[in-house]
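Below, each chain spelled out in residue letters.
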Amino acid sequence: MSSEAVISSVTIDENTKAPSSTSQDAVQKVNLLGMSRAEMEKFFEEMGEKKFRAGQVMKWIHQFFVTDFAEMTNISGKLRAKLEQICEIKAPEVVHRNYSKDGTRKWVFRVGDGDGSLVETVLIPAEDKTGSRKTLCISSQVGCALDCSFCSTGKQGFQRDLTQAEIIGQLWMANLSYMEDVPVIERERSVTNVVMMGMGEPLLNYDAVLSSMSIMLDDFAYGMSKRRVTLSTSGVVPKIDQLAQDIDVALAISLHAPNNELRNELVPINKKYPLEQLIAACQRYIGKDGNESSRKHVTIEYVMLDGVNDHPEHAQQLLKLLKNLPSKINLIPFNPFPHAPYGRSSRNRIIAFQKTLSDAGFVCTIRQTRGDDIDAACGQLVGQVADRTRRAEQWKKKIAEKSEIIRTEG
Ligand code: SF4
């Protein structure tokens, strides 16, 4: 969201620097939730305020999770009143949530203006040697155009890009879910890691994702370490190069196949950017092409599909493919969804696959399946909620039609 776009939706009275009274009914409030620091500084300057106000307001929003300007006590009453008139802090609406016994949390958010758009966000807790982690998997689009054959989201088609407020709103809500009853001043952020790996291809919603990640890294907002923010892509090669220039975050590749023939089938964007181009872009990203980079490796995501990509020769092909790319490999047991054309590889197959890669010196982990008691594959929960909503709407329509018939007949 550019600040120009934001400002243009508000009419400011040049004398009072407040929205003009004649325009107030028509004023669409500016949502500050998704503004990066640079955007918010510009916004305040254009209001005639000092730009350091941006940092103050960002802290209230992203560190104390405040939505009421009256609670921003280090800001003058006059400015708070002005902000109240023209701004809002508005997160996407939670329409469904599931908290698993194992600590996994999933939400379905309604985004947009009642167009029925839903997105899904998942939080997975884990313990490791650095302590406890809470990793949030964030969506970047409603649906997805890339149609990977094993993906529930891909089956829903593409609806639209999420805005910055809708992307960062997922992180904001997930943090808030741990402290709704905690007094403002005692609030602390709980989410430790973010992966842009939910619904959608983040590099196809580039500007909004980039700006949202800058908010995640910003010390005036979430202050996350750049190694704890990961962007996962199916392989939009030109955007990987752009990302390397624009921000320093970790990169993950949804690889899923070790040769072009199979990858064309599983991840169709491979037809446009085949493996040779993708691996070269990853090498550039971590500076393996001779250029300077502080990034040390990429993460390779590989979903294990029974009898499709889990043969011993696939593991051998993967070794060859990755031999010049410092990488950590994450094997993901497939999570079947209704009408999925694949099944999950057996435990033995997955362990044998892992052993081949580990014996060759790769760090190779098997993702634990989590939250099985609350739901299955990414994108599936949205499908279920959408189905229920559709059924409820159809039911309401039927009742309305029946009442109409009764009225007419009466
Ligand atoms: S795996 Fe990712 S890129 Fe492929 S269809 Fe699903 S959401 Fe889109």
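No experiment lies behind these values; they were computed from the predicted model shown.

Student: Help me understand the nonpolar core, please; the structure alone is not making it clear to me.
Tutor: Among soluble globular proteins, nonpolar side chains are generally buried collectively. Grouped together as the largest cluster of nonpolar side chains are 100 residues, with contacts concentrated most on Leu32, Leu171, Val194, Cys282 and Met304. Two domains each donate at least three residues to this core, and these are domain 1 (3–88) and domain 2 (93–399). Non-local contacts of Val194, meaning those with residues more than four positions away in its chain, are made with Leu136, Ile138, Leu171, Met216, Met224, Arg228 and Val229.

Student: Sorry if this is basic, but what is going on with the UniProt feature "active site" (unreviewed entry) in the protein chain here?
Tutor: The UniProt record annotates "active site" (unreviewed entry) at Glu120 and Cys378. For Glu120, the location among the structural elements is in strand 5 (residues 117–128). Since 25 C-beta atoms lie within 10 Å of it, Glu120 is described here as buried.

Student: How do you make sense of the sheet that holds strand 12 (residues 298–304) when you look at a structure like this?
Tutor: Hydrogen bonds along the backbone pair up the strands of a sheet, which may run parallel or antiparallel. Strands sit in the order 3-4-5-6-9-10-11-12-13-14 across an open sheet of 10 strands; the sheet is mixed. Two strands in the sheet have a free side with no partner beyond their single neighbour: strand 3 (93–99) and strand 14 (363–366). For this sheet the average axis-to-axis angle between neighbouring strands, irrespective of direction, equals 20°. In the sheet, strand 10 (residues 229–233) pairs with strand 11 (residues 250–254) via four bridges, with the strands oriented parallel. Bridge pairing in strand 11 links Ser232 to Ala252. Each of strand 11 and strand 12 is contacted by helix 10 (residues 275–285), which is oriented at about 170° to strand 11, the strand it contacts most.

Student: What should I look at first to understand the site of the ligand in this one?
Tutor: Near the ligand, the surroundings consist of Cys144, Leu146, Asp147, Cys148, Cys151, Thr153, Gly154, Met199, Gly200, Glu201, Ser234 and Ser254. Classifying every residue of the shell around the ligand by side-chain character gives five nonpolar, five polar and two charged.

Student: I would appreciate a short explanation of the UniProt feature "binding site: S-adenosyl-L-methionine" (unreviewed entry) in the protein chain in the present structure.
Tutor: Using the residue numbers shown here, the UniProt feature "binding site: S-adenosyl-L-methionine" (unreviewed entry) corresponds to Gly200, Glu201, Ser232, Ser254, Leu255, His256 and Asn335. Turning to its location among the elements, Gly200 is positioned in the loop between strand 9 (193–196) and helix 7 (206–217). Exposure remark for Gly200: the 29 C-beta atoms within 10 Å place this residue in the buried category. Other than its neighbours up to four places away in sequence, Gly200 contacts Ser139, Ser140, Gln141, Cys144 and Asn205. Within the secondary structure, His256 sits in the loop between strand 11 and helix 9 (260–266). On the basis of neighbour counts, which here come to 26 C-beta atoms within 10 Å, the residue His256 falls in the buried class.

Student: Just to check I follow, could you spell out the environment of Thr153 for this structure?
Tutor: In this fold, Thr153 is placed in helix 5 (residues 152–155). Since 28 C-beta atoms lie within 10 Å of it, Thr153 is described here as buried. A C-alpha to C-alpha distance of 9.8 Å links Thr153 and Glu120, two positions 33 residues apart in sequence.

About the cut-offs
Residues numbered from 1 in each chain as written. Predicted model: local features only at pLDDT ≥ 70, side-chain atom pairs only at ≥ 80, totals over all residues. Core = buried A, V, L, I, M, F, W, Y, C linked by C-beta atoms within 7 Å. Buried ≥ 20, exposed ≤ 12 C-beta atoms within 10 Å, placed from the backbone. Domains from an automatic or database assignment. Contact = placed C-beta atoms within 7 Å. UniProt positions renumbered as here; feature names shortened; annotations may be inferred. Helix = DSSP H or I, 4+ residues; strand = E, 2+ residues; numbered from the N terminus. Pairing = 2+ DSSP bridges. Axes fitted to C-alpha atoms, helices over the stretch in contact; angles between N-to-C directions. Near = placed C-beta within 6 Å. Nonpolar A, V, L, I, M, F, W, Y, C, P; charged D, E, K, R; others polar.

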